[in-house]
Amino acid sequence: MIIALRHVKELTTWSVNETHIRIGSGVPYAAIEKGDIAVLLPALAQASRTVGSPQIRAVGTIGGNLGTCSPAGDTLPVLSALDATVHLQSQNSQREVSIHDFMLGVKRNARAVNEIITDISIPIANGYQGYSKVGVRNAMVISVASACLAHNPSSRSVHIALGAVGPTIIRAREAEAWLSSHANLAQLDANTDDSTIHEFGRRVALEARPITDHRSTADYRKHAIGVLAQRLLKRACQ
Ligand SMILES: Cc1cc2nc3c(=O)[nH]c(=O)nc-3n(C[C@H](O)[C@H](O)[C@H](O)COP(=O)(O)OP(=O)(O)OC[C@H]3O[C@@H](n4cnc5c(N)ncnc54)[C@H](O)[C@@H]3O)c2cc1C
C-alpha cells in the first residue's frame, strides 16, 4: 500500500499544552516561520526562514527535514538544542525517540521502513533561542555551518547544537558544561565577559568534526562554527 502523506490532514496540525508544543510532520516551513509557532519557537522560525525559497518553504515540511536527515538540514540543530522528541507510528505500534537517538549519521535516521514520523514534540522554554547559518550566498543556500543556541534560565543551562560540521548534528556538550561553570546561566546579561564568550566559541569549534567538500573546507567550517557560537551567545547576553 502507498500513502501520500501530503493528503493526511492529521499530520498538518500543531498544538500546545502547558509543557510542550507538538508539531505535525506535515507542517510546512511557511507555517513555522511566522505566527504563533514563531512566537513560541523563535529559533525554529529563524531556521525555517532560511530554507530554500518561498516556494520550497510552502511545500517542504519539518517531517521531510527529519526524514532526509542531512547534516545541513536547517531545523535539525534547533530540534537538537531544544531536546525534541520524534513520534513514530507503524500499522501496529507507536514509539517516541529522542532527537539525539533519531539522527544516526549522514542521511541516516532511526525510522524503521514500516514507520512514518507523525509529529515532533518540543518542551516550552522561556529563555533566548537563536539560529544562525553560514552559506555561500545570503539566500537559497545549503548551510556550510549552522548552529542553534538555547538558553533556559529555569534550568540554568545553555544548549548549543551544530549543523553541517559532522556526519550528523552535534551537541557541543563539553562547551555547554564549561559555560555552566563560567557564567551565571540563571541570568545571562551584558556583564558576561567577552573572554568567556570567546572561549565558549573556541571550545564549541573543538567539538566540530567537519570535512572538506564541494561547499567548503574543514578549516573554514571549524572557524565559522566558532564565530557562530560566539555571536549566538552574545545575542543571548543582550
Ligand atoms: C531547491 C531546494 C532547496 C532546498 N533548500 C534547503 C535548505 O536551505 N535547507 C534545508 O534544510 N533543506 C533544503 N532543501 C531540502 C528539502 O526542502 C527539505 O529537506 C524539506 O524539509 C523536504 O520536505 P518534504 O516535505 O518535501 O519532504 P520529501 O522531499 O517529500 O521527503 C524527504 C524524505 O523524508 C521522508 N519523509 C517525509 N515526510 C515523512 C514522514 N512524515 N514520515 C517519514 N518519512 C518522511 C521521505 O520519504 C523522503 O525520504 C531544499 C530542497 C530543494 C529542492
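See the structure printed just above.
Quick summary incoming for the structure in this document.

So, how was this worked out
Residues numbered from 1 in each chain as written. Predicted model: local features only at pLDDT ≥ 70, side-chain atom pairs only at ≥ 80, totals over all residues. Heavy atoms only, no water. Near = heavy atom within 4 Å. Polar contact = N/O pair within 3.5 Å; in protein donor to acceptor, adjacent residues only side chain to side chain. Areas by Shrake-Rupley, 256 points an atom, 1.4 Å probe, with all protein chains shown as cover. Helix = DSSP H or I, 4+ residues; strand = E, 2+ residues; numbered from the N terminus. Nonpolar A, V, L, I, M, F, W, Y, C, P; charged D, E, K, R; others polar. Buried < 20%, exposed > 50% of the residue type's maximum accessible area, 1.4 Å probe, protein only. Pairing = 2+ DSSP bridges. Axes fitted to C-alpha atoms, helices over the stretch in contact; angles between N-to-C directions. Parallel < 35°, antiparallel > 145°, perpendicular 65-115°, else oblique. Left-handed = near helix turned anticlockwise from the far one by under 90°. Contact = heavy atoms within 4.5 Å. Core = buried A, V, L, I, M, F, W, Y, C linked by side-chain atoms within 4.5 Å.

Describing the site of the ligand
Then comes step 1: Taken together, the neighbourhood of the ligand is formed by 24 residues, with Tyr29, Gly52, Thr61, Asp74 and Ile117 sitting nearest.
Then comes step 2: Here a nitrogen atom of the ligand and a side-chain polar atom of Ser25 are 3.2 Å apart.
Then comes step 3: Here the ligand, which alone exposes 980 Å², has 65% of that area covered by the protein.
Then comes step 4: Those elements that provide at least two residues to the shell around the ligand are helix H4 (54–59), helix H5 (62–68) and strand S7 (116–123).
Then comes step 5: The dominant element in the shell around the ligand, judged by the number of residues it contributes, is H5, at five residues.
Then comes step 6: Of the residues in the shell around the ligand, the class split is nine nonpolar, eleven polar and four charged.

Quick notes on the pairing of strand S8 (residues 129–134)
Successive side chains on a regular strand alternate, one facing one side of the sheet and the next facing the other.
Then comes step 1: With six of its six residues buried, S8 lies for the most part within the structure.
Then comes step 2: Both faces of S8 are covered, namely the face carrying Gln129, Tyr131 and Lys133 and the face carrying Gly130, Ser132 and Val134.
Then comes step 3: Sheet analysis places S8 next to strand S9 (residues 145–152), joined by six bridges and oriented antiparallel. Within S9, the residue paired with Gly130 across the bridge is Leu149.

A look at the packing of helix H9 (residues 194–207) against helix H10 (residues 218–237)
Then comes step 1: Packing of H9 against H10 brings their axes to within 8 Å, and their N-to-C directions diverge by 140°. Taken as axis vectors, H9 and H10 run oblique relative to one another. As H9 runs across H10, the sense of the crossing is right-handed. Counting all contacts with H9, which are made through Asp194, Ile197, His198, Phe200, Gly201, Val204, Ala205 and Leu206, the residues of H10 involved are Lys222, Ile225, Gly226, Ala229, Gln230, Leu233, Lys234 and Cys237.
Then comes step 2: Among the residues making up the contact of H9 with H10, the classes are represented as nine nonpolar, four polar and three charged.

Some points on the nonpolar core
Then comes step 1: One finds Ile23, Leu44, Leu66, Leu79 and Ile122 to be the most contacted residues of the largest nonpolar core, which totals 32 residues.
Then comes step 2: Contributions of two or more residues to this core are made by strand S2 (20–24), helix H3 (42–49), H5, helix H6 (76–81), strand S3 (85–89), helix H7 (99–102), S7 and S9.
Then comes step 3: Element by element, the count of residues in this core is highest for H6, at four residues.
Then comes step 4: Other than its neighbours up to four places away in sequence, Ile23 contacts Thr13, Trp14, Ile37, Leu41, Leu44, Ile62, Asp119, Ile120 and Ile122.
Then comes step 5: One finds Ala145, Ala183, Ile197 and Phe200 within the second-largest nonpolar core, a separate group that totals 29 residues.

A few points about unusual backbone geometry
A negative phi angle characterises most non-glycine residues, just as the trans form characterises most peptide bonds.
Then comes step 1: Look at Cys69: it is not a glycine, yet its phi comes out positive at around 55°.
Then comes step 2: Locating Cys69 in the fold gives a position in the loop between H5 and H6.
Then comes step 3: Judged by its relative accessible area of 0%, Cys69 falls in the buried class.
Then comes step 4: Positive phi is not limited to glycine here, since Asp83 has a value of about 55°.
Then comes step 5: Take Asp83: it is sitting in the loop between H6 and S3.
Then comes step 6: A relative accessible area of 31% means that Asp83 is categorised as partly exposed.

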